[in-house]
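Examination of the molecular architecture
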Amino acid sequence: MPPRSSKKALTLCLFQSLAGVLFGWSNSEGSGLFNMTSYQNRFGECDASGLCVLSTTRQSAITGLLSVGATIGAVGSGTVADRFGLRLTCLIFIFIYLIGAAIETSAMQTYGQICVARLLTGLGVGATSGLVPVFQAEAAPPRFRGLVTGSFQLCVTLGIWGVAITNWGMSSYAGDVSWRVPVGLQMAWAVLLLVGFVLSPESPRFLAKKGKWDHCRKNLANLRGLPMDHPDIETEMEEVREATRKDHEIGDASYLECFSTKDRILWRTMIGVFVQIGQQITGINFFFSYGVQFAQTAGIDNTYIFQIILASVNVLFSFPGIVAVDRAGRRPVLLVGAALMFTGQIVVGAVSKAHPDSKVAGDVLIAFTCLFVASFASSWGPVAWVVCGETFPIRLSSLCVTLGTGANWLFNLIIAFAAPQIQSIIGTGITFVWAGCLALSFTFAYFCIPETKGMSIEEVDALYLSRTPAWKSSNFKASQATSQKLASEKAYARSTHREGEQGKHSQYTSARTSAEGGASV
């Protein structure tokens, strides 16, 4: 049971994790909608006989435009937040999301209306996915920060699971209700998130940056659930003042600084960007954006049930991933996860190509696709965000994380447009493409991502500045502690030696003085 001073901030931060539901829901809703007859009749292309089909080009556009908006929202929201504050910026982009969702839900027969709607919802999803973790990092009590970060990723998986269940439930209906309900429900989650931010105070550190110290103290006390004159508030205010003073001395952080070679910032930015790209090129969003279509290509009968199974596995195995990252470490989880995902994709592709119409082969395909999803959910799913969040100095963290988030959405966009076209040519052989990407991700993780389990931000800085190879980094903290211990022992030995020499010298001086005194007598 958290103490009273943690309850309010913890509740607000967990409430804000609903942004993850928007992320998962919006990114995965198309997989079921594209297979609904009513949706195809309204937004597909119809031939002379009246048969309407949603082409792969239109599927790519509807899915990809969300990623276009999200990429713009993720990268652009950081600058807006620096000027207007995290809370107000999040409120603005949630409102934009609601406008997009309303346009999408009310669409009649205009394909362009869907495209505009997806672009607007993408702006909202991209901005909140980048800003909410930053807001949570500032507002959450330090001892609960891991729980809060994990809850965001868990909400992403819950959003994917929720839309899979809804699409399956509505697939038995013939009319427009079949697709309007899944699309409309996303507004409910957005309204709840909006309420959460309305009840949240503005970031105390943003107010401090603007010189609004009284307001900063008031909001900090509000978050901690303590009186403004409480000693804990005063202690934290001193930390805020010191951090603000240092930032003012250095000057405002800029995106250009993220690419500086000083303190290996460029290398660290590249790690943050590529770990997010690595998360996308696993192929995970292909299975949740086009999973129904993949199941049809593979010859699976109940495609909606297939999607529910994958989404359920995704939720279930997110829990061991959250635990494993702090117990086993970052590198082992990423490497084992990539190896298992590689195995799953190779087996799925081989079986589906060798026995395309076999029921046993279909069962094997489902089993190894579940292995792939489970491996992702417990490794690259949560750990990519952890690595991205702890790689940078505090001053540049929000900007560098925003770049990583933007890269995530950019590759989501590329996959959204390219994957249906590739699958239309090579069918289930697309899993071999993901397997090749996973081999690259494994190599990148082995040679580039260091082990940072249990390290403070200062220790992470020291690790990068030491230029320790990533594959030797697991011993860095222990070697640093040993080095400090040896240095302390040497310093103590030198000090003891000096004291001994001084003692001998004093004894010699006293004896000499006594001898001289005796001689004079």
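In what follows, the accompanying structure is described. (Residues numbered from 1 in each chain as written. Predicted model: local features only at pLDDT ≥ 70, side-chain atom pairs only at ≥ 80, totals over all residues. Heavy atoms only, no water.)

This part takes up the overall build of the protein chain. Broken down by element type, the protein chain carries 24 helices and 2 strands. Within the protein chain, the fraction of its 521 residues that count as buried is 51%. If you take every contact in the protein chain between residues at least 6 apart in sequence, the share linking residues at least 24 apart comes to 78%. Total accessible area on the protein chain stands at roughly 22,900 Å², and carbon and sulfur atoms take up 65% of it. (Helix = DSSP H or I, 4+ residues; strand = E, 2+ residues; numbered from the N terminus. Buried < 20%, exposed > 50% of the residue type's maximum accessible area, 1.4 Å probe, protein only. Contact = heavy atoms within 4.5 Å. Areas by Shrake-Rupley, 256 points an atom, 1.4 Å probe, with all protein chains shown as cover.)

Relative to the 22 Å expected for 16 residues at 1.5 Å per residue, helix 13 (residues 265-280) spans 23 Å between its end C-alpha atoms, a close match to the ideal helical length. Here helix 13 lies mainly inside the structure; 12 of its 16 residues are buried. Listed as buried for helix 13 are I265, R268, T269, I271, G272, V273, V275, Q276, I277, G278, Q279 and Q280. (Expected span 1.5 Å × (residues − 1).)

A few words on the nonpolar core. Buried together is how nonpolar side chains tend to be arranged in soluble globular proteins. Of all hydrophobic cores here, the largest spans 96 residues; its most connected members are F197, V275, F294, W380 and I449. Considering every element that reaches this core, the biggest residue donor is helix 21 (residues 394-426), with 9 residues. Shared between two domains, this core holds at least three residues of each, these being domain 1 (1-200) and domain 3 (253-471). Once residues within four sequence positions are removed from consideration, I449 is found in contact with I271, V275, R331, L334, V387, F444 and A470. The next biggest cluster of nonpolar side chains, apart from the first, holds 13 residues, and it includes L33, F34, I114 and W179. (Core = buried A, V, L, I, M, F, W, Y, C linked by side-chain atoms within 4.5 Å. Domains from an automatic or database assignment.)

Counted according to the given criterion, the structure contains 9 salt bridges. Taking the shortest distance from any N to any O, the salt bridge between R118 and E29 comes out at 2.9 Å. Of the two residues, R118 is situated in helix 7 (residues 111-139) and E29 in the loop between helix 2 (18-28) and helix 3 (30-33); the sequence distance between them amounts to 89 residues. Judged on exposure class, the residue R118 and its partner E29 are both buried. Measuring nitrogen to oxygen at the nearest pair gives 2.4 Å for the salt bridge that ties E242 to R245. A residue pair is termed a helical-turn pair when its members lie 3 or 4 positions apart in one helix, as E242 and R245 do in helix 12 (residues 231-250) at 3 residues. By relative accessible area, R245 is classed as partly exposed at 37%. Salt bridges sharing common partners tie together R217, E234, E238 and R241. (Salt bridge = Lys/Arg side-chain N within 4 Å of Asp/Glu carboxyl O.)

This part takes up the state of the cysteines. Under the counting rule described, the total for this entry stands at 1 disulfide. In this model C46 forms its disulfide with C52; the gap between the sulfur atoms is 1.8 Å. Taking the sign of the torsion about the S-S bond as the criterion, the disulfide between C46 and C52, at about 95°, is right-handed. (Disulfide = S-S within 2.5 Å.)

This paragraph deals with the packing of aromatic side chains. One pass over the structure, following the stated rule, counts 13 aromatic pairs. Plain terms: the ring middles of F23 and W409 are 4.7 Å apart, the flat faces sit at 40° to each other, and that makes the pair tilted. Placement of the pair is F23 in helix 2 and W409 in helix 21, with a sequence separation of 386 residues. Here F23 and W409 have matching classes, each one buried. Taken together, a centroid distance of 5.5 Å and an interplanar angle of 80° make the contact between Y39 and W179 edge-to-face. Taken together, the positions of Y39 in helix 4 (residues 37-43) and W179 in helix 9 (residues 177-199) put the pair 140 residues apart, joining distant regions of the chain. With relative accessibility at 0%, the residue Y39 sits in the buried group. Overall, W179 belongs to the buried group, its relative accessible area being 0%. (Phe/Tyr/Trp six-rings, centres within 6.5 Å; stacked < 30°, edge-to-face > 60°.)

This part is about the environment of V460. Summarising the element assignment, V460 is placed in helix 23 (residues 457-465). For the pair V460 and K477, spaced 17 residues apart in sequence, the C-alpha to C-alpha distance is 9.4 Å.

Relative to the elements of secondary structure, T405 occurs in helix 21. The buried category is assigned to T405, whose relative accessible area is 1%.

By the secondary structure assignment, L33 is in helix 3. For L33, a relative accessible area of 1% puts it in the buried group. Along the chain, L33 and V183 lie 150 residues apart, while their C-alpha atoms are 9.0 Å from each other. Those residues within four positions of L33 in sequence are excluded, and the remaining contacts are Y39, N167, W179, P182 and V183.

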